[in-house]
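Architecture at a glance
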Amino acid sequence: PAMTALSAIPAPAEAPAKPSLLGLTRAQLADQLRALDLPEREIRMRVNQLWNWIYFHGVRDFDAMLNVSKVLRARLADRFTLARPEVVSEQVSTDGTRKWLIRMPRVDAQDKGAEIECVYIPEADRGTLCVSSQVGCTLTCTFCHTGTQKLVRNLTTPEVVAQLVVAREKLGDFPGLTPPVDGIVPTGEGVRAISNVVFMGMGEPLYNLDNVCDALAIMSDGDGLSLSKRRITVSTSGVVPQIGPLGERSGAMLAISLHAVRDDLRDRLVPLNKKYDIAELLQACRDYPGASNARRITFEYVMLKGVNDTDADARELVRLLKGIPAKINLIPFNPWPGAPYECSDWGRIEKFSDIVFNAGYASPVRTPRGRDILAACGQLKSETEKLRARARLAAE
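Residues numbered from 1 in each chain as written. Predicted model: local features only at pLDDT ≥ 70, side-chain atom pairs only at ≥ 80, totals over all residues. Heavy atoms only, no water.

In this structure, L129, F199 and F299 are the most contacted members of the largest nonpolar core, which totals 109 residues. Residues contacting F299, with those up to four places away along its chain left out, are I256, L258, L282, C285, L321, I324, A326, K327, I328 and N329. (Core = buried A, V, L, I, M, F, W, Y, C linked by side-chain atoms within 4.5 Å. Buried < 20%, exposed > 50% of the residue type's maximum accessible area, 1.4 Å probe, protein only. Contact = heavy atoms within 4.5 Å.)

Bringing the sheet that holds strand β11 (residues 326–332) into the picture now. In any sheet, the strands associate via hydrogen bonds between backbone groups, in a parallel or an antiparallel arrangement. Ordered by their spatial adjacency, nine strands build an open sheet running β1-β2-β3-β4-β7-β8-β9-β10-β11, and the pairing between neighbours is mixed. Among the strands making up the open sheet, the edge pair consists of β1 (86–92) and β11. Each neighbouring strand pair of the sheet contributes to a mean axis angle of 20°, computed without reference to strand direction. Where strand β3 (residues 115–122) meets strand β4 (residues 127–130), four bridges bridge the pair, whose relative direction is antiparallel. (Pairing = 2+ DSSP bridges. Helix = DSSP H or I, 4+ residues; strand = E, 2+ residues; numbered from the N terminus. Axes fitted to C-alpha atoms, helices over the stretch in contact; angles between N-to-C directions.)

One pass over the full model with this rule turns up 23 salt bridges. Measuring nitrogen to oxygen at the nearest pair gives 3.6 Å for the salt bridge that ties R192 to D173. Placement of R192 in the loop between α4 (157–170) and β7 (196–199) and of D173 in the loop between α4 and β7 is noted, with a sequence separation of 19 residues between them. Residue classification places R192 among the partly exposed positions, given a relative accessible area of 26%. Residue D173 is classed as buried on the basis of its relative accessible area, which comes to 10%. With a shortest N-O distance of 3.2 Å, R262 and D264 are connected by a salt bridge. Judged by relative accessible area, R262 falls into the partly exposed class, the value being 37%. Salt bridges sharing common partners tie together R26, D221 and D223. (Salt bridge = Lys/Arg side-chain N within 4 Å of Asp/Glu carboxyl O.)

Turning to the packing of aromatic side chains, a few remarks are in order. According to the stated counting rule, one finds three aromatic pairs in the structure shown. Between F333 and Y341 the ring centres are 6.3 Å apart and the planes differ by 85°, which places this aromatic pair in the edge-to-face class. Relative accessible area serves as the criterion here: at 1%, F333 is assigned to the buried category. Assessed through its relative accessible area of 16%, Y341 is described here as buried. Directly above the ring of W51 sits R26, whose terminal nitrogen or CZ lies 4.5 Å from the centroid. (Phe/Tyr/Trp six-rings, centres within 6.5 Å; stacked < 30°, edge-to-face > 60°. Lys NZ or Arg CZ within 6 Å of the ring centre and 35° of its normal.)

Here we come to the pairing of β1. Among the seven residues of β1, five are classified as buried, and the element is accordingly described as predominantly covered. As defined by bridge partners, β1 adjoins strand β2 (residues 98–103) across six bridges and the pair is classed as antiparallel. The partner of V92 across the bridge, within β2, is R98. Connecting β1 to the next strand, β2, in antiparallel fashion are five residues, including G96 with a positive phi near 95°.

Another aspect to go through is helix α8 (residues 278–286). Residues I278, L281, L282, A284 and C285 constitute the buried set of α8. One face of α8 carries all of its buried residues, which in axial projection span an arc of 155°. The opening residue of α8, the one whose side-chain oxygen lies 3.3 Å from the backbone nitrogen of A279, is D277. (Arc of directions from axis to C-beta. Polar contact = N/O pair within 3.5 Å; in protein donor to acceptor, adjacent residues only side chain to side chain.)

Right, let's get into unusual backbone geometry. Residues other than glycine predominantly adopt negative phi, and peptide bonds predominantly adopt the trans conformation. Backbone geometry at D37 places phi at a positive 65°, although glycine is not the residue there. The residue S226 is not glycine, and still its phi comes out positive at about 60°. Assessed through its relative accessible area of 40%, S226 is described here as partly exposed.

Quick look at the environment of L82 now. Tracing the chain through its elements places L82 in the loop between α3 (70–79) and β1. For the pair L82 and L22, spaced 60 residues apart in the sequence, the C-alpha separation amounts to 5.6 Å. Setting aside residues no more than four positions away along its own chain, L82 makes contact with S20, L21, I54, V59, R60, D61, F62 and M65.

Looking now at the packing of α4 against helix α5 (residues 209–219). Remark: α4 packs on α5, axes separated minimally by 8 Å, with the N-to-C direction vectors making an angle of 40°. Taken together, the axis directions place α4 and α5 in an arrangement best described as oblique. When you trace α4 past α5, the crossing you get is right-handed. Residues T157, V160, V161 and L164 of α4 form the contact with α5, whose participating residues are N211, D214, A215, I218 and M219. (Parallel < 35°, antiparallel > 145°, perpendicular 65-115°, else oblique. Left-handed = near helix turned anticlockwise from the far one by under 90°.)

Moving on to the environment of R153. The residue R153 is located in strand β6 (residues 153–154) in this model. As a C-alpha pair, R153 and N208 span 55 residues in sequence and 9.5 Å in three-dimensional space. Separated by 2.8 Å, the side chains of R153 and E159 make a polar contact.

What follows is the structure in structure tokens.
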């Protein structure tokens, strides 16, 4: 496979002298223009212009903004940049999946430089970008590699949005850019390289609700990045109090990281269950704003050999979801070094899927993607600190 090695990694970048306008909301862009003493009557028009250049055209330079006066372009360039975060490495799987390790600029003196991973999964008719919402994760789900990494901090709205902008650039998905020659991208009239976004990378999105909702608004704005809200899915391990507010504020599709049908087992697999049990979680799903047969809630269920994969588990799953407009994603467990579980046998997964399907639920088995570059579900974990330590030792 075409695979770019993670080379020796320099120390985190210092905070930039000039802030970037990339990732700001419309209101924040307006505030920045007010700080330049632009007349109030002009601000809305200028925000629309900047928005189109930044998010629709993906420009990197104020001089490319041809319908903005030279004087204003110079003033903007004097105070701001359109800088992206740094792509430290790119790995390409044999199946076309891409994983980027992205380093954000420091937000303050205490910040060690946030490093996160995001993943692109191409299919024939769509391209899905899996974005992160936190550096590390506060949850400790025992089947998830990311969960073994401590939470460092929430990502800001610009840091969430930047993942989509960086990926679109890398995939040649802005006007005037060309796709990578070694890439697999969806084809067809009107099909973009990135058509779907899932908040299923590092972190628990509902513990960063404000920034996630602002990022969603930017991503779905029709004058810019222009993703359909029905193609943006937010996955939660079950932060019950924030599920309703997510639906009210964002209109995003909801996915629930379920993985067990009994509280005693889910307590072990997803320790958050001790705080919000299955009954509470499913009630929040029944109440989710906008849920319908046209906007079904996805329940993710990782298949763990001898743990949660019996016929009885499948029948109980069907019983639990009665009355909820749902589809069930069965996820073969993706191994990682030191993992305490094995993936269910294929025959067992198929039997489980048949029981769910025959009860009237869509129950696709998710094809593992990017396993060879640790980019599959539950495998994301930045190895950068180890690599940096190795690079230091090699230099000594």
